[in-house]
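So you can see what is in the structure, the chains are spelled out below.
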Amino acid sequence: MHSVLFVCAMNSVRSPMAEAIARHYFGKSIYVQSAGVRKSEPDGFMVSTLSEIGIDASKHKPRTLEELEEWEGLNFDLIITLSPEAHHAALELTRTIAADVEYWPTPDPTITQGSREHMLDAYRNIRDGLMYRIRMRLKQSSQKSPDHGEGA
């Protein structure tokens, strides 16, 4: 696998978080992007919770699948969807592009009610869950080499 696209509803929390985490761990070996089904505004809690673990996402600008397609095309080996709406959109895309699609149901932390700390905890839970899944899933792909790592 050489390229991964993360998609959620609005490209402001879940998919940019996944993109930033994947780039942090696999940026040199796998091309990573993110997009949303609909357009939104940047999310400060997303930036803050990534900053806590040393990842800078402050320059992220939310974009739609259509914008990404216009700018660079949708030539991805794997599309990982993080919301039902994104999953439906990705399945529709794969009628015309050859890409595998995986659905990782990921709660939307923006609907969390309560104190600032309670809301940040919801974002941290999403961040930590994505970090684990991304490391496990993309590590498998980046380790598949012709010699299978033997004799190294």
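Computed from a prediction, not measured in an experiment: that's the story for all the values here.

Another point: the overall build of the chain. Check the secondary structure of the chain and you find five helices and four strands. Mapped in sequence order, the helices and strands of the chain form the string β-α-β-α-α-β-α-β-α. Taking 2.2 N^0.38 as the reference for a compact globule, 152 residues should give roughly 15 Å; the C-alpha atoms of the chain span a radius of gyration of 15 Å, in line with that estimate. Based on the C-alpha atoms only, the size of the chain along its principal axes is roughly 50 × 40 × 25 Å. Expressed as a percentage of its 152 residues, the buried residues of the chain come to 47%.

One rule of thumb: low pLDDT means the predicted coordinates there are not for detailed reading. Mean pLDDT over the chain stands at 91; residues scoring 70 or higher make up 92%. With pLDDT under 50 throughout, residues 144–152 is counted as low confidence; its partners more than four residues away or in other chains account for zero contacts.

Applying the stated criterion to the full structure yields one cavity of 30 Å³ or more. Here the largest cavity defines a volume of roughly 60 Å³. C8, A9, M10, N11, S12, V13, R14, D108, P109 and T110 together form the lining of the largest cavity. Per-class residue counts for the lining of the largest cavity are five nonpolar, three polar and two charged.

What follows covers the pattern of salt bridges. Applying the stated criterion across every chain yields a total of eleven salt bridges. E102 serves as the salt-bridge partner of R137, at 2.8 Å between the closest nitrogen and oxygen. Of this pair, R137 sits in helix α5 (residues 116–143) while E102 sits in strand β4 (residues 100–103), and the two are 35 residues apart along the sequence. In this structure R137 comes out as partly exposed when scored by relative accessible area, which is 22%. The network of salt bridges with shared partners includes E52, E117, D121, R124, R127 and D128.

Mapped onto the secondary structure, P107 falls in the loop between β4 and α5. Considered as a pair, P107 and A122 are 15 residues apart in the sequence and their alpha carbons are 9.1 Å apart. Look past the residues within four positions of P107 in its chain and what remains in contact with it is R14 and I126.

Formed by 29 residues in total, the largest nonpolar core has its most connected members in F6, M17, I21, L50, L130 and I134. Take this core: its biggest share by element is eight residues, from α5. Core analysis: the next-biggest nonpolar cluster, separate from the first, contains 14 residues, L5, A35, L68 and F76 among them.

Cut-off values and rules
Residues numbered from 1 in each chain as written. Predicted model: local features only at pLDDT ≥ 70, side-chain atom pairs only at ≥ 80, totals over all residues. Heavy atoms only, no water. Helix = DSSP H or I, 4+ residues; strand = E, 2+ residues; numbered from the N terminus. Rg over C-alpha atoms; globule rule 2.2 N^0.38 Å. Buried < 20%, exposed > 50% of the residue type's maximum accessible area, 1.4 Å probe, protein only. pLDDT = per-residue confidence, 0-100. Contact = heavy atoms within 4.5 Å. 1 Å grid on protein atoms, 1.4 Å probe; cavity = no way out; pocket = protein on both sides within 12 Å on 5 of 7 lines; lining within 4 Å. Points joined across faces, edges and corners; volume = space filled by probe spheres on them. Nonpolar A, V, L, I, M, F, W, Y, C, P; charged D, E, K, R; others polar. Salt bridge = Lys/Arg side-chain N within 4 Å of Asp/Glu carboxyl O. Core = buried A, V, L, I, M, F, W, Y, C linked by side-chain atoms within 4.5 Å.

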